[in-house]
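Survey of secondary and tertiary structure
Chain residues, written in single-letter form:
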Amino acid sequence: MFTGIENAFVNLPQALKADWPGNVWWHWVIFTLIAIVFFLGSVIMFIFMERRVLAKMQARIGPNRIGPFGLLQAIADAVKVLTKENITPSNADKIVFWLAPAIVFAPVLMVFAVVPFANGAVLADLNIGILYAIAIGSLSTIGVFMAGWSSSNKYSTLGAMRMVAAVISYEMPIVLTFATIIVLTGSMSLNDIVIAQGKYWFIFSQPLGFFLAFVAGCAEINRSPFDLMEADSEIVAGFHTEYSGMKFAMFYLGEYGEAVVMSTIIATLFLGGWQGPFLPPFVWLIGKIFFVFFLMIWTRTTLPRVRIDQLMKLAWKFLFPLALINLFATGLEVLTFPNGLPWYFIPVNFGIGVVLVLLWSRLYKVGWGRIEIQ
Amino acid sequence: MLETYGFVGLFIIVTLGFAAIMILLPVALRFLKVVPHHPTSVKNATFECGMETIGKTWVQFNFRYYFYALLFVALDVLVVFIYPWATQIRQLGYSGLFVIAAFMGIVLVGYLYAWKKGALEWN
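Residues numbered from 1 in each chain as written. Chains lettered and ligands numbered in written order. Predicted model: local features only at pLDDT ≥ 70, side-chain atom pairs only at ≥ 80, totals over all residues. Heavy atoms only, no water.

As a further point, take the packing of aromatic side chains. A full pass over the atoms with the stated rule returns 23 aromatic pairs over all chains. Both rings, one in Phe248(A) and one in Tyr252(A), keep their centres 6.3 Å apart while their planes meet at 25 degrees; by these two values the pair is stacked. Of this pair, Phe248(A) and Tyr252(A) both sit in helix H11 (residues 245-270), 4 residues apart, which is roughly one turn of the helix. Of the residues examined, Tyr252(A) reaches a relative accessible area of 32% and is grouped as partly exposed. Measuring from ring centre to ring centre gives 6.0 Å for Tyr111(B) and Trp115(B), while their planes differ by 80 degrees; the resulting arrangement is edge-to-face. (Phe/Tyr/Trp six-rings, centres within 6.5 Å; stacked < 30°, edge-to-face > 60°. Helix = DSSP H or I, 4+ residues; strand = E, 2+ residues; numbered from the N terminus. Buried < 20%, exposed > 50% of the residue type's maximum accessible area, 1.4 Å probe, protein only.)

Here it is, written out as structure tokens:
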């Protein structure tokens with residue numbers, strides 16, 4: 001019984017291979033549906049999980065009325081927001097104002113074209129998969145800036161400015177960290193990267209890389225403690241101050257969608273994607289995605305919001321040099337042992353990571369409730 | 001191989017359509033009288049916590065954003081060149097590593113100069 005189910009999940013992707021004549025269209029239809037359903041389902045679960053876990057950590061209860069354990073809260077919110085009035089400010093730039101939510105939302109969904117759910121179970125196994133994910137994922141920033149600029153509101157413009165500055169600053173470390181993974185595998189295809197993690201996951205051979213990617217990823221998708229663009233105490237709600245109704249919901253969806261994308265990419269690159277014993281591959285992938293998102297919620301509840309100068313310094317003076325050093329150290333290791341790193345590089349790399357982080361932390365001055373960088 | 005790009009292209013069209021439907025759904029529902037639509041001049045005014053807006057909205061923004069934008073452009077080009085090297089590192093060997101390190105060094109001189117000049121500060 002169990003092996004039958006497992007075989008079905010293992011054989012399904014092979015049966016739907018794109019190069020099997022006649023099945024190309026079915027492959028596309030099925031995986032498009034899977035990607036969209038997976039995206040919407042995980043966004044709903046992420047919203048529920050964030051609210052409940054946040055509530056537990058703050059000794060509250062959280063939403064628990066609609067559906068079992070409040071699971072359907074996000075759907076109720078969606079219906080509410082759909083029937084609300086759409087307000088367009090009279091001095092807004094109308095076309096850009098209406099276009100912005102679509103440009104924020106669409107790229108987030110596009111990234112799921114290259115995410116493998118099992119061995120070969122991927123809509124399009126691009127040989128530039130990771131590059132595609134980075135390039136398309138960054139497009140949402142343009143939508144956010146369009147929203148901030150077209151709203152004709154000073155706070156929106158400020159929020160959008162901060163967002164663009166933060167995203168382009170944290171783009172550097174995250175892209176360099178992904179390059180480190182490519183150095184290890186020699187391929188940009190996400191499926192090949194997951195297959196290369198058969199022996200051990202890259203979080204063990206790249207602990208510093210995981211740390212950098214996680215911090216930079218949190219900043220890239222504007223999660224707390226880096227959520228300066230919608231710092232409620234300073235600028236009303238950032239770029240979506242003037243939005244209401246369904247357009248606001250699309251920004252909300254896009255924000256959590258970015259969290260799903262970032263968790264998925266980190267889980268695929270560092271935690272072994274669909275690799276794992278006993279359970280079917282896609283269960284492992286979903287479990288890892290939710291684990292990464294749990295870490296993000298944990299960071300959010302623990303740390304206070306940073307100032308804009310600290311945000312910029314952290315990106316340019318801490319993460320960027322460390323990512324460069326990590327890239328070249330990994331390049332040297334790979335060239336010294338071209339047939340795969342021996343096991344003792346796991347503690348060595350861990351040591352390198354700890355030493356580098358401690359050394360660079362000496363640039364920071366902590367005291368009297370302030371953190372400054374010399 | 002090319003047909004996978006075709007899949008991605010079709011998927012992009014589907015996502016754009018999905019986004020368009022989500023935006024236009026409330027507009028359609030407005031004609032069915034489900035979504036209300038009662039605009040007034042106060043409701044459509046710029047929202048600034050109850051205060052009336054003073055002056056124009058599209059003001060000059062902070063000059064410091066330019067520094068980061070310039071640095072970003074320079075270093076992003078560098079990263080674009082790193083990706084092909086990273087995929088072929090085993091074939092290129094030590095000479096490739098040396099070349100990319102020299103190339104990186106040239107760009108990093110500018111980065112260190114910006115650091116020393118205080119362009120990375122926000123003061």
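This paragraph deals with the domain arrangement of chain B. What the domain assignment lists for chain B is domain 1 (1-59) and domain 2 (60-123). Computed from C-alpha coordinates alone, the two centres of domain 1 of chain B and domain 2 of chain B are separated by 37 Å. (Domains from an automatic or database assignment.)

Bringing the packing of helix H10 (residues 207-220) of chain A against helix H13 (residues 308-336) of chain A into the picture now. Residues and elements named next belong to chain A. Put simply, H10 and H13 touch, their axes get as near as 10 Å, and they point 150 degrees apart. Taken as axis vectors, H10 and H13 run roughly antiparallel relative to one another. The hand of the H10/H13 crossing is left-handed. Residues Leu-208, Gly-209, Phe-211, Leu-212, Val-215 and Ala-216 of H10 form the contact with H13, whose own contacting residues are Leu-314, Phe-318, Leu-319, Leu-322, Ala-323 and Asn-326. Residue classes in the contact of H10 with H13 are distributed as 10 nonpolar, 2 polar and no charged. (Axes fitted to C-alpha atoms, helices over the stretch in contact; angles between N-to-C directions. Parallel < 35°, antiparallel > 145°, perpendicular 65-115°, else oblique. Left-handed = near helix turned anticlockwise from the far one by under 90°. Contact = heavy atoms within 4.5 Å. Nonpolar A, V, L, I, M, F, W, Y, C, P; charged D, E, K, R; others polar.)

Residues and elements named next belong to chain A. For the structure on display, the rule yields 3 salt bridges over all chains. Here Asp-77 ties to Arg-51 by a salt bridge, and the two come within 3.5 Å at their closest N and O atoms. Of this pair, Asp-77 sits in helix H3 (residues 73-82) while Arg-51 sits in helix H2 (residues 24-57), and the two are 26 residues apart along the sequence. What makes Asp-77 partly exposed here is its relative accessible area of 29%. In this structure Arg-51 comes out as partly exposed when scored by relative accessible area, which is 33%. Bridged by salt links that share partners, the residues Glu-50, Arg-223 and Arg-300 form one connected network. (Salt bridge = Lys/Arg side-chain N within 4 Å of Asp/Glu carboxyl O.)

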